[in-house]
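Residues per chain, in single letters:
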Amino acid sequence: MKYVDEYRDGEAARKLADAIARRVTRPWTIMEVCGGQTDTIVKYGLDRVLPPEVELVHGPGCPVCVTSLEMIDRAHAIASRSDVTFCSFGDMLRVPGSRGDLLQLKSQGSDVRIVYSPLDAVNLAAARPDRKVVFFAIGFETTAPPNAMAVWMARKRRLSNFSVLVSHVLVPPMITAILQAPGNRVRAFLGPGHVCTVMGTAEYEPIARRYGVPIVITGFEPLDLLEGVLRTVQQLESGRAEVENPYARAVRAEGNPASRRLIEDVFEVCDRKWRGVGLIPKSGFKLRYEYREHDAERLFEVDDIETQESSLCISGQVLKGLKKPHDCPAFGKECTPHNPLGATMVSAEGACAAYFAYGRHLETQGRRAGGVSPLSLVSQGADAPRSACDSGGR
């Protein structure tokens, strides 16, 4: 299949891994930003074909995982109302809040629905004027355009019963926060390909210059990621700190101008709290004043929410690249996809869920599950084995 099979070629992967090993001379810690990249890395065992000098750590690039506990509890409070139809993408339904999750609320009789597009929620509001339809608008810049379009269309169609609970987060301020954090070890980033298809690459240039870190915009297939690591190592070893874009088949420097204009019309930048990370200034989107009639937070007055996080969960440290899932004593024991203690075990893009899905919870120290060569999985593509214990969990 074009743009898939050629990026899962096992022999090409071996050549890239060998090139990385020849170029590296000292230890480097590289963070992949996007949760989709994390899933590919763990699925194909890419971190295990790299030389020991190169360590990949997993960043807070899973939008489900970083949606704050307060926002989950606000969603729960709104969805529990008898006059509300609460719409969301499916992976948000099992994210644990202080008092359970949205799926439990649905089982208790609340009108919680899975949709595949925010426009589905807009159409539902048009069909049911007797219901207050709320869409849970989460995600990075990637999902901001369709969510902005939903609000824009609802305003145009004068659907006063449609609103959005907005929890958008932005990548560049998150990268800056990681670089400024005490104990940071990250020396370079594999940049988020999907986000850059919308926003372009220009906003990463000042970060690379100020902090002296390479940022290589990377795709999501095995060869994309190995190519990204190779280019990152080449920069690090030569003392360069630039923004590179080997993902040019999808990303242009200017991004998608039409999508950016729509985002700027509907949203404005705000401070945002990230789950496990804390408040990051100017790291989110909120609705502009002109669209206040579609702001669920304002309409339902759910600002004052008290939260309580699990004391066992270390997802915050995982999201900041300070720990890995197997460092958590609850991983694969008290915390599984069937009983997630934190959001990183819920989403398919969460590091903990990826480690569990591909069998790393079965490993003991010094022993890997299965014994299959990681590079042999690359050519298998979608047939790469998953843990027998994984039931999807989402």
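Just so it is clear, the structure is predicted and the values come from calculations on it, not from any experiment. (Residues numbered from 1 in each chain as written. Predicted model: local features only at pLDDT ≥ 70, side-chain atom pairs only at ≥ 80, totals over all residues. Heavy atoms only, no water.)

What follows covers the pattern of salt bridges. Applying the stated criterion to the full structure yields 21 salt bridges. A salt bridge links Lys324 to Glu55; the shortest N-O distance between them is 3.7 Å. On the criterion of sequence distance, the pair formed by Lys324 in the loop between α14 (315-319) and α15 (351-357) and Glu55 in strand β2 (residues 54-58) is long-range, its members being 269 residues apart. On the basis of relative accessibility, which here comes to 16%, the residue Lys324 falls in the buried class. Judged by relative accessible area, Glu55 falls into the partly exposed class, the value being 26%. Two residues, Lys132 and Asp83, come together in a salt bridge whose shortest N-O distance is 3.2 Å. Of this pair, Lys132 sits in strand β5 (residues 132-139) while Asp83 sits in the loop between α4 (69-79) and β3 (84-88), and the two are 49 residues apart along the sequence. Taking relative accessible area as the criterion, Lys132 reaches 36% and is therefore assigned partly exposed. By relative accessible area, Asp83 is classed as partly exposed at 23%. (Salt bridge = Lys/Arg side-chain N within 4 Å of Asp/Glu carboxyl O. Helix = DSSP H or I, 4+ residues; strand = E, 2+ residues; numbered from the N terminus. Buried < 20%, exposed > 50% of the residue type's maximum accessible area, 1.4 Å probe, protein only.)

Take the sheet that holds strand β10 (residues 267-274) next. Pairing within the open sheet is mixed, and its 6 strands lie in the order β4-β3-β5-β6-β11-β10. Because the sheet does not close on itself, it has two edges, and the strands there are β4 (111-114) and β10. When the angles between neighbouring strand axes are averaged without regard to direction, this sheet yields 25 degrees. Strand direction decides the pairing type here: β5 and strand β6 (residues 162-169), joined by 7 bridges, are parallel. Among the inter-strand pairings, Gly139 is bridged to a residue of β6, identified as His168. (Pairing = 2+ DSSP bridges. Axes fitted to C-alpha atoms, helices over the stretch in contact; angles between N-to-C directions.)

With that out of the way, let us pick up the nonpolar core. Of all hydrophobic cores here, the largest spans 82 residues; its most connected members are Phe86, Phe136, Phe162 and Phe189. Take this core: its biggest share by element is 6 residues, from β5. Apart from the residues within four sequence positions on either side, Phe86 is in contact with Ala75, Ile78, Ala79, Leu102, Asp111, Val112, Arg113, Val134, Phe136 and Leu165. Trp28, Leu46, Ala188 and Leu223 belong to the second largest nonpolar core, which has 25 residues in total. (Core = buried A, V, L, I, M, F, W, Y, C linked by side-chain atoms within 4.5 Å. Contact = heavy atoms within 4.5 Å.)

The next point concerns helix α12 (residues 257-266). Within the span of α12, buried status applies to Ser259, Leu262, Ile263 and Val266. Around the axis of α12, the buried residues are gathered within 100 degrees of arc, so they sit on the same side. Contacts from the buried residues of α12 go to α7 (144-156), α9 (193-199), β10 and β11 (278-287). (Arc of directions from axis to C-beta.)

Moving on, we get to the pairing of strand β8 (residues 215-218). Alternating residues of β8 divide into Ile215 and Ile217 and Val216 and Thr218, and every residue in both groups is buried. The pairing of strand β7 (residues 188-192) with β8 spans 4 bridges and is parallel. Following the sheet pairing, Gly191 is matched in β8 by Ile217. Pairing geometry for β8 and strand β9 (residues 243-244), over 2 bridges, is parallel. Residue Ile215 lies in a different strand from β9, and its bridge partner there is Val243. For the handedness criterion, the β-α-β arrangement of β8, helix α11 (residues 222-238) and β9 is classed as left-handed. (Right-handed = clockwise from strand over helix to strand, strands pointing away.)

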